[in-house]
Amino acid sequence: MNLREFDEFKITDAIHFHDELNPNLWHNNKIKPEVKKQLKVISDDFLSELGVDDLDVIDITVSGSNAAYSYTPHSDLDLHLLVDMSDLPNDEVYKELFNAKKNLYNDSHDIKIHGVPVEVYVQDSREPVVSLGEYSIKDDDWIKLPTKRRANLDQTATKQKF
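Let me sum up the structure you'll find in this document. (Residues numbered from 1 in each chain as written. Predicted model: local features only at pLDDT ≥ 70, side-chain atom pairs only at ≥ 80, totals over all residues. Heavy atoms only, no water.)

A short note on the overall build of the chain
Item 1. A tally of regular secondary structure across the chain gives four helices and eight strands.
Item 2. Expressed as a percentage of the 162 residues in the chain, the buried residues total 38%.
Item 3. Long-range pairs, those at least 24 residues apart, make up 74% of the contacts in the chain between residues at least 6 apart in sequence.
Item 4. Only carbon and sulfur atoms are counted for the fraction: they give 48% of the accessible area of the chain, which is about 9,900 Å². (Helix = DSSP H or I, 4+ residues; strand = E, 2+ residues; numbered from the N terminus. Buried < 20%, exposed > 50% of the residue type's maximum accessible area, 1.4 Å probe, protein only. Contact = heavy atoms within 4.5 Å. Areas by Shrake-Rupley, 256 points an atom, 1.4 Å probe, with all protein chains shown as cover.)

Section: the sheet that holds strand β3 (residues 57-63)
Item 1. If you trace the six strands from one edge of the open sheet to the other, you get β5-β6-β4-β3-β7-β8, paired in mixed fashion. The sheet is open, and its two borders are formed by β5 (112-113) and β8 (141-144), each paired with just one other strand.
Item 2. Alignment of strand β7 (residues 134-136) against β8, held across three bridges, turns out to be antiparallel. Bridge pairing links S136 to D141 in β8.
Item 3. Of the strands in this sheet, β3, β4 (77-83), β5 and β6 (116-124) are in contact with helix α2 (residues 33-50), which crosses β4 at around 55°. (Pairing = 2+ DSSP bridges. Axes fitted to C-alpha atoms, helices over the stretch in contact; angles between N-to-C directions.)

Section: the pattern of salt bridges
Item 1. Counting across every chain of the model gives five salt bridges.
Item 2. Put simply, K95 and E92 hold a salt bridge, and the shortest N to O gap is 3.6 Å. Placement of both K95 and E92 in helix α3 (residues 91-108) is noted, with a separation of three residues, approximately one turn of the helix.
Item 3. Residue D124 pairs with R126 through a salt bridge whose shortest N-O separation is 2.6 Å. (Salt bridge = Lys/Arg side-chain N within 4 Å of Asp/Glu carboxyl O.)

A short note on unusual backbone geometry
Item 1. Located in the positive-phi region is N29, a residue other than glycine, with phi close to 65°.
Item 2. Locating N29 in the fold gives a position in the loop between β1 (26-27) and β2 (30-31).
Item 3. The exposure class assigned to N29 is partly exposed, which follows from its relative accessible area of 37%.
Item 4. One non-glycine residue, D54, lies in positive phi territory at about 55°.
Item 5. Tracing the backbone through its elements, the reader meets D54 in the loop between α2 and β3.

Re the packing of α2 against α3
Item 1. The contact between α2 and α3 brings their axes to 10 Å, and the two run at 125°. The angle between α2 and α3 places the two elements in the oblique class. Crossing handedness for the pair α2 and α3: right-handed. For the pair α2 and α3, contact is made by I42, D45, F46, E49 and L50 and by F98, K101, K102 and Y105, respectively.
Item 2. Per-class residue counts for the contact of α2 with α3 are five nonpolar, no polar and four charged. (Parallel < 35°, antiparallel > 145°, perpendicular 65-115°, else oblique. Left-handed = near helix turned anticlockwise from the far one by under 90°. Nonpolar A, V, L, I, M, F, W, Y, C, P; charged D, E, K, R; others polar.)

Digging into the packing of aromatic side chains
Item 1. One pass over the structure, following the stated rule, counts five aromatic pairs.
Item 2. Arranged with centres 4.8 Å apart and planes meeting at 20°, the rings of W26 and W142 form a pair that is stacked. Of this pair, W26 sits in strand β1 while W142 sits in strand β8; the two residues are 116 residues apart in sequence, bridging distant segments of the chain.
Item 3. A relative accessible area of 14% means that W142 is categorised as buried. (Phe/Tyr/Trp six-rings, centres within 6.5 Å; stacked < 30°, edge-to-face > 60°.)

Below, the structure is given as structure tokens:
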């Protein structure tokens, strides 16, 4: 796709809702046990590479289109490690560290579960998640049950990111 095509492209027009969650990852609205186990391994590995001792991870969640009915063959699975940044001595420095480590980790690891790429993030637990669905790995339950509705996408912000 060239830039002219993107200018006319509306991402909301490309969203197709499936009748079920991605069967590679989900069964009966629960994350598959082997997927959950692998996500825990990935989050533990990422935490060890962060190099921050005693980081209090409140929850480990998945979100994005693969935690909803809008996944595509190109969708990844967003794996978020929720941390209350206000508990850290200098949360801005930690945010920069976590962002740099996220980029380094995701760029240097080709992580896939049943062919679905996994992207790891450290997220401030105080920040709202913008996703059609959010699932807690720790609780093995939905935080936000996905629905078949369009997300409120910011077309201008999407174009600027592109």
